[in-house]
Amino acid sequence: MKQYNIAVIGASGAVGEELFRVLEEVKFPVGNLLPLASANSAGSMIEFNGKNHRIEELTESVFEGRNIDIAFFSAGGTISEKYAKYAVESGAVVIDNTSHFRMMDAVPLVVPEVNPEDIELWEDTGIIANPNCSTIQMVQLLKPLHDLYGIKRVDVSTYQAVSGAGKAGMEELVRQMQDFFSFKLDETKVEAFAHQIALNVIPHIDTPQENGYTKEEMKMVLETNKIMHSDFAVSATCVRVPVLRSHSESITITFEEGVDVSVEQARKVLGKFENVTLVDDLDNNEYPMPMTSTNTDETYVGRVRKDIYASNILHLWGVADQVRVGAATNAVRIAQKWIKLED
């Protein structure tokens, strides 16, 4: 099997670490591995496939002569903006996990289960964008239902884990819970979020926009239609919850006028969709939860039910590990599809 030289930018971060795990688990055909990060992390070691690799500093010239085939960027939008072009100029395809390139017309925004054909557009810029984590798991559930009935509108509320804010978010929740059990919560530090996250929910993720939504919410609106090549209405409310890992979503889908939704048929197409698992038995307390999805590569769906007032409305609940499905796993799946195209 042909091997591919891989670079991981953000090698010491949460998504970078998860990328290494996913690449190992799927037995990705890695030739040479180039882990890259900031000067602060350069020199530290990471383990991959039983070997230690030294993290190098990301610079403008680091890709020269390295024959990198695929460069995974997971170090923040400003880093991708500055350095992705150097990876592309060296001959690599960039798979970018940040928001920087997502809404650029020439850059394909890809969820492989939903729009794999868009990967072919990578040559225009040398870049393929990985969508927002909440968008990825939602469109995986919307796609089979859109094909079945035709979606008119989507209303979604997200319940997003603190790991969506990186290691700092996870550490803050753990520290605040420790403070709670030490009766010191009134003294706890609030740094990663706008408010205390322990024993709380915060209906505010990312920066406010002029229309009253947040940037995170507008990402879901705009990215969904780009990925699905659709123009249906989307409204999102994004909430941070005191869960370490895996995002949950409550989704209400309004289909075209005249549609009479069949819950049985909806469950059937969802259960058959690639990388989606149906867990839907309320009588026996079986439904997706963050504990269900964490450290897996599946998007779980349950609580599928028809609206009690309108026959063309369906409600459901979806959960996925946003570090894997919403970032690392989706990026690796893009790379796997890209390899097939190149072969």
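Look above for the structure.
Residues numbered from 1 in each chain as written. Predicted model: local features only at pLDDT ≥ 70, side-chain atom pairs only at ≥ 80, totals over all residues. Heavy atoms only, no water.

**Section: the side chain of Glu 172**
Within the secondary structure, Glu 172 is located in helix 4 (residues 166-181). A polar atom in the side chain of Glu 172 sits 3.0 Å from the backbone nitrogen of Glu 191. Among all residues touching Glu 172, those that are not within four sequence positions of it are Lys 189, Val 190, Glu 191, Ala 192 and Phe 193. (Helix = DSSP H or I, 4+ residues; strand = E, 2+ residues; numbered from the N terminus. Polar contact = N/O pair within 3.5 Å; in protein donor to acceptor, adjacent residues only side chain to side chain. Contact = heavy atoms within 4.5 Å.)

**Let's talk about helix 8 (residues 324-342)**
The largest bend along helix 8 reaches roughly 40 degrees and is located at Asn 330. Here helix 8 lies mainly inside the structure; 14 of its 19 residues are buried. (Bend = angle between axes of the 7 residues up to and from the residue. Buried < 20%, exposed > 50% of the residue type's maximum accessible area, 1.4 Å probe, protein only.)

**Some remarks on the pairing of strand 3 (residues 45-48)**
Alternating residues of strand 3 divide into Ile 46 and Phe 48, all buried, and Met 45 and Glu 47, none buried. Pairing of strand 3 with strand 4 (residues 51-54), which is carried by four bridges, proceeds in the antiparallel orientation. Paired with Glu 47 across the two strands is Asn 52, which belongs to strand 4. Counted along the chain from strand 3 to the antiparallel partner strand 4, the turn is two residues long, and its residue Asn 49 has a positive phi close to 55 degrees. (Pairing = 2+ DSSP bridges.)

**Details of the sheet that holds strand 9 (residues 151-160)**
As summarised here, the arrangement of the six strands in space is 10-9-11-14-13-12, forming an open sheet in which the pairing is mixed. The strands lining the two open edges of the sheet, one partner per strand, are strand 10 (233-240) and strand 12 (276-278). Neighbour-to-neighbour, the strand axes of the sheet open up by a mean angle of 20 degrees, direction not taken into account. Sheet topology places strand 13 (residues 299-306) next to strand 14 (residues 313-320); six bridges connect them, and they run antiparallel. The partner of Tyr 300 across the bridge, within strand 14, is Val 319. Packing against the sheet, helix 5 (residues 215-228) makes contact with strand 9, strand 10 and strand 11 (247-255), and its axis sits at approximately 145 degrees to strand 10. (Axes fitted to C-alpha atoms, helices over the stretch in contact; angles between N-to-C directions.)

**Concerning a nonpolar patch on the surface**
A cluster of nonpolar side chains, namely Phe 180, Phe 181 and Leu 199, defines an oily patch on the protein surface of about 330 Å² accessible area. Inspection of the secondary structure assignment puts Leu 199 in the loop between helix 4 and helix 5. For Leu 199, a relative accessible area of 53% puts it in the exposed group. (Patch = residues over 30% accessible without salt bridge, like charges linked within 9 Å, V, L, I, M, F, W, Y side chains within 5 Å. Areas by Shrake-Rupley, 256 points an atom, 1.4 Å probe, with all protein chains shown as cover. Salt bridge = Lys/Arg side-chain N within 4 Å of Asp/Glu carboxyl O.)

**Focus: the packing of helix 1 (residues 14-25) against helix 8**
Axis angle and axis distance: for two packed helices, these are the angle between their axes and the distance between the axes, and together they describe the pair. Interaxial distance between helix 1 and helix 8 falls to 9 Å at its minimum, and their mutual angle equals 50 degrees. Classified by the interaxial angle, the pair formed by helix 1 and helix 8 is oblique. Of the two possible hands of crossing, helix 1 and helix 8 adopt the one that is right-handed. Contacts between helix 1 and helix 8 involve Val 15, Glu 18, Leu 19, Val 22, Leu 23 and Glu 25 from the first element and Arg 324, Ala 327, Ala 328, Thr 329, Ala 331 and Val 332 from the second. A class-by-class count of the residues in the contact of helix 1 with helix 8 yields eight nonpolar, one polar and three charged. (Parallel < 35°, antiparallel > 145°, perpendicular 65-115°, else oblique. Left-handed = near helix turned anticlockwise from the far one by under 90°. Nonpolar A, V, L, I, M, F, W, Y, C, P; charged D, E, K, R; others polar.)

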